[in-house]
Each structure stands twice: as structure tokens, then as C-alpha cells.
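Residues per chain are reported as follows:
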Amino acid sequence: MYNINSIREDFPILSRQVYGKPLVYLDNAATTQKPLCVLDAMRKEYLNVNANVHRGVHYLSQQATDLHEAAREIVRQFINAQKTEEIVFTRGTTEAINLIATSFCDSQMQEGDEILVSDMEHHSNIVPWQLQAQRKGIVVRHLPINDEGELTIDKINDFITEKTKIISIAHVSNVLGTINDVQRIVSVAHLRGIPVMVDAAQSVPHMKIDVQQLDCDFLAFSGHKMYGPTGIGVLYGKECWLDKLPPYQGGGEMIDKVTWEQTTFERLPYKFEAGTPDYIATHGLATAIKYMNTIGLKNIEAHEQELTNYCMEKLKTIPNMRLFGPTTTIHPSSHCPQKDAVVSFLVGDIHHLDMGTLLDRLGIAVRTGHHCAQPLMDRLGISGTVRASFALYNTKEEIDTLVAGIHRISQMF
Ligand code: PLP
């Protein structure tokens, strides 16, 4: 039984009002709200345990280190990585992609080599590669999408050349909700000896991720999009790759021995974790994962798929509604899930900003604009969309409120 009322009680912010209206929070792809257990766990750690990790012989430091390393193990199990050495804590998805872009391009790529991304990437999976491209004369290519907002994976071989050294692809689009078949991309890429990085910022919060099954070489996600704190994220990397790559940042924690002549580096994963880690946030993230596990990833996925379908069906009843991306959650022919908990739309010629501002006055929080995906907006020929995105605590009643709000605003224009 999915007990939505008891779940909502775990998130006190959901019962607040904005402009005198009950809050309807539908901006979960940007960040999720935090359950009490996460806030309590972090508060308790600051109150009772706080000490810097790894370096101390004293009791508190060891206790904090134990919590921090236990969090790594919880993340490992959550994505089914083989080893904790493959779990690197970062500030978020963005930092994880920057880490790989920098270390990989520095050590594995030469002028003229190519990186393949796609038309539906978040800027976090475009700009880090572009920065490296400028430095090293590397070329960033992009796999197109079709008019349904799906990646043209059938054409991927046309975009891979003997110069392609890495492919970096979003698992789920933060604008279209499209779920990309990354397992298929990985198998095509591996046939040609090319590693694949997966931007899982929008998939890890919504579905069971098994990195061994995906067989991806790198995968990144952010804690704050999955009920955890801000400022913490994860880079998963296959040990064989992480071993090969040079450190991203230098400092404490990541060294083995430092002399004026030479520095040697710590073993994995510490080689990539320079400086004091956010050990309170790693504990918060682990608590969020345990919270999601208690509800069950399958139950979360089913609930959110139901909300996504319900929302799309209701939105289709609004005159001049334009939905972006797949319009059903299950692909009609392959019967595979094809859309996640994100619905982007425009109504007639009402500007997305006007729609978002007026919805806000009704207590409904949605996101408007380009969603950090300007090349995708160019491809769609628009400047932005209105985006409603769902989490495990949203309800059909909230979607009804959204749809009624859109009806009302449409009639005003
Ligand atoms: N990738 C995707 C698909 C996203 O949706 C986001 C954030 O919205 C990011 C990367 C960046 O995540 P963060 O800002 O947490 O690093």
C-alpha cells in the first residue's frame, strides 16, 4: 500500500501556504523537498558527532568517519556498484561531469578527438566538455532527437567516428522526460571500445539504477534531487577507469606522500576527493536513500508514472495545449517505459514566464524557461516551456489544481 498521507507528513513544508493558498510543489526536477528523517539525521550528527573525517585518532573523528564510509556503502548498494572504491563523493552531478571531462580529456584525448553528447543535454553535460574542447582542440558532436523528443539511437553509428573517445548522455531528459536507452548506447559504444558516461540526475530519483546492468563506465547524480541535502552528489566510475585517470583537484585527503620533488596519490576513491568532504551531507544522502528504499523504488516509480500519465491526459483537454517529449509513459510498440516524471508544455501563445508567474499566485510552483537546455530549446524552436515535475509525495489532487489553474489562466488571455 502506498500511503500517500503518511508520506506527505514526512515533509512538513508540503503543508505550508503561499499567497494564502496551499502549496502545490511541482518543481521536483529542480530540487526535491527533504523528509524529516534526513533533517534529523544531519542535525543529530552536528549535535553529537561532528568532527573532521579520516584524519583523527579521536573518538568523534572515528565515529564521523564510520558514518561517512557507511554512506558510501549505502550508495554502492543503491546503484549496485561492485566496490565502494567506485563511489566518489562530489558536490553534485555538475561537479562529477566536470571531474570526468577534465581528467578524461587531459589524459585520454588529443587535438581533433571527438566527444559525443546529445541534443537533449542539460548544460552540465555540454559546457564542461566545451571547456575542454576549447583547451585541447577537441570536437563536441551531438546526437539529434526526432520530433517526438526521442534520441535517434538508430543513427548513433553515423555520429561515432574513429576519433570518438567518449560518449556522455542523459539517462532522462530534464525537459522532455524522455528515458534514453542507455544500455543500448553502451553496448554500441563498447563494441567500438568507447566508454560511456551517464548523467543520471533525473533518473536515480525515480527508478532502480543498476550500474552493472547498464554497464556504463561513469554515472553521475545529485543528492538534492532525491530527498537528500544540497551540495552532495556521486560520481560512479568503473575501477579500471578511475585507476587510469589523474586527480581532478589537489589538496588534503587525496595524497599518499608529498615532497617538494614529487607527490603520490591516495588509493581510490580518495584520489578524487580533495579537501574536507561534506560528511554531514553524505550521512544525509544515505538517510535519503534509506527513506526511498523503505517506500520501495518500484512503488515510487509506479506512483510517479501514474501521476505523469494522469497529468498528460488532463493537460490534453486544454485547448491549444502543446506537450513536449513522449506523450505516454510506456512506449506503444516496445512497451518499455519511455517517459519519466517530467511534463513540459506551452499553451497557445501564452509566454511560459506569464504562465509560471500566474500559477505561482495560485500556490503552484512550476519551473519556466529553458531549463538549462538552450540547445534543446533551439532544436524545438522555442525559448522555453512550463515544466511540472513530480516526486513520491505528489498527488492527483495537486495535478487537478494545476490543470484548473492553467484553464483559468488560459481563459484570461
Ligand atoms: N543533469 C541534468 C539532466 C539535470 O536535470 C541537472 C539539474 O537540473 C543537472 C545535470 C545538474 O545537477 P546539479 O545542479 O545538481 O549539479
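Rules behind the numbers
Residues numbered from 1 in each chain as written. Predicted model: local features only at pLDDT ≥ 70, side-chain atom pairs only at ≥ 80, totals over all residues. Heavy atoms only, no water. Axes fitted to C-alpha atoms, helices over the stretch in contact; angles between N-to-C directions. Helix = DSSP H or I, 4+ residues; strand = E, 2+ residues; numbered from the N terminus. Parallel < 35°, antiparallel > 145°, perpendicular 65-115°, else oblique. Left-handed = near helix turned anticlockwise from the far one by under 90°. Contact = heavy atoms within 4.5 Å. Nonpolar A, V, L, I, M, F, W, Y, C, P; charged D, E, K, R; others polar. Expected span 1.5 Å × (residues − 1). Polar contact = N/O pair within 3.5 Å; in protein donor to acceptor, adjacent residues only side chain to side chain. Pairing = 2+ DSSP bridges. Salt bridge = Lys/Arg side-chain N within 4 Å of Asp/Glu carboxyl O. Buried < 20%, exposed > 50% of the residue type's maximum accessible area, 1.4 Å probe, protein only. Near = heavy atom within 4 Å. Areas by Shrake-Rupley, 256 points an atom, 1.4 Å probe, with all protein chains shown as cover. Domains from an automatic or database assignment. Buried area = accessible area lost by both parts, 1.4 Å probe.

## A few points about the packing of helix 2 (residues 36–48) against helix 10 (residues 279–295)
Next up, step 1: Between helix 2 and helix 10, the least distance of the axes is 8 Å, while the angle of their chain directions is 150°. Taken together, the axes of helix 2 and helix 10 are roughly antiparallel relative to one another. Helix-helix and strand crossings are classified by hand; for helix 2 and helix 10 the assignment is right-handed. Seen from helix 2, the contacting residues are Cys37, Val38, Ala41, Met42, Glu45 and Tyr46; seen from helix 10, they are Tyr279, Ile280, Ala281, His283, Gly284, Thr287, Ala288 and Tyr291.
Next up, step 2: Looking at side-chain class alone, the contact of helix 2 with helix 10 contains 10 nonpolar, three polar and one charged residues.

## Focus on helix 2
Next up, step 1: Here helix 2 is 13 residues long and its end C-alpha atoms lie 18 Å apart, about the 18 Å a rise of 1.5 Å per residue gives.
Next up, step 2: For helix 2, the secondary structure elements touched by its buried residues are helix 3 (59–79) and helix 10.

## A word on the environment of glutamate 253
Next up, step 1: In this structure, glutamate 253 sits in the loop between helix 9 (239–244) and strand 11 (255–258).
Next up, step 2: Between the C-alpha atoms of glutamate 253 and arginine 55, which are 198 residues apart in sequence, the distance is 8.2 Å.
Next up, step 3: Excluding residues within four positions of it along the chain, glutamate 253 makes contact with Val53, His54, Arg55, Glu266, Tyr270, Glu273, Gly275 and Pro277.
Next up, step 4: Within the local environment of glutamate 253, its side chain forms a polar contact with the side chain of arginine 55, the two groups lying 3.4 Å apart.

## Examining the sheet that holds strand 13 (residues 321–324)
In a beta sheet, neighbouring strands are held together by backbone hydrogen bonds and run either parallel or antiparallel to one another.
Next up, step 1: Strand order across the open sheet formed by four strands is 13-14-17-16, with antiparallel pairing between neighbours. One side of each edge strand has no neighbouring strand; the edge strands of this open sheet are strand 13 and strand 16 (367–369). Strand-to-strand twist of the sheet, defined as the mean angle between neighbouring strand axes without regard to direction, takes the value 30°.
Next up, step 2: Its contacts with the sheet place helix 11 (residues 297–315) against strand 13 and strand 14 (342–347), and it is angled at close to 10° to strand 14.

## Observations regarding the pattern of salt bridges
Next up, step 1: One pass over the full model with this rule turns up 19 salt bridges.
Next up, step 2: Among the ionic pairs, arginine 141 bridges to glutamate 114, the shortest N-O distance being 3.7 Å. A residue pair is termed long-range when its members are at least 10 positions apart, and arginine 141 in strand 6 (residues 139–143) and glutamate 114 in strand 5 (residues 114–118) qualify at 27 residues.
Next up, step 3: Judged by relative accessible area, which is 24%, arginine 141 ranks as partly exposed.
Next up, step 4: Among the residues examined, glutamate 114 registers a relative accessible area of 12% and is labelled buried.
Next up, step 5: Residues joined in a network through salt bridges with shared partners are Asp27, Arg367 and Arg387.

## Section: the site of the ligand
Next up, step 1: Surveying the vicinity of the ligand reveals the residues Ala29, Thr93, Thr94, His122, Ser124, Asn174, Asp199, Ala201, Gln202, Ser222, His224 and Lys225.
Next up, step 2: Contacts to the ligand include serine 222, whose side-chain N or O atom sits 2.7 Å from an oxygen atom.
Next up, step 3: Within the side chain of histidine 224, one N or O atom sits 2.7 Å away from an oxygen atom of the ligand.
Next up, step 4: In isolation the ligand has 400 Å² of accessible area, and contact with the protein removes 86% of it.

## Some thoughts on the domain arrangement of the protein
Next up, step 1: Domain annotation for the protein reports domain 1 (4–30 + 296–412) and domain 2 (40–291).
Next up, step 2: With centres defined by C-alpha atoms, the gap from domain 1 to domain 2 works out at 28 Å.
Next up, step 3: With 35 residues of domain 1 at the contact, the number on the domain 2 side is 32 residues.
Next up, step 4: For the pairing of domain 1 and domain 2, the buried interface totals around 2,600 Å² over both sides, and the portion due to carbon and sulfur atoms is 55%.
Next up, step 5: Three residues, Leu297, Asp340 and Arg379, lead the burial of domain 1 against domain 2; their summed loss comes to 24% of the area buried on that side.
Next up, step 6: Linking domain 1 to domain 2 there are one salt bridge.
Next up, step 7: Only helix 11, strand 14 and helix 13 (374–380) provide two or more residues apiece to the side of domain 1 that touches domain 2.
Next up, step 8: Tallying contributions element by element places helix 13 first for the side of domain 1 that touches domain 2, with six residues.

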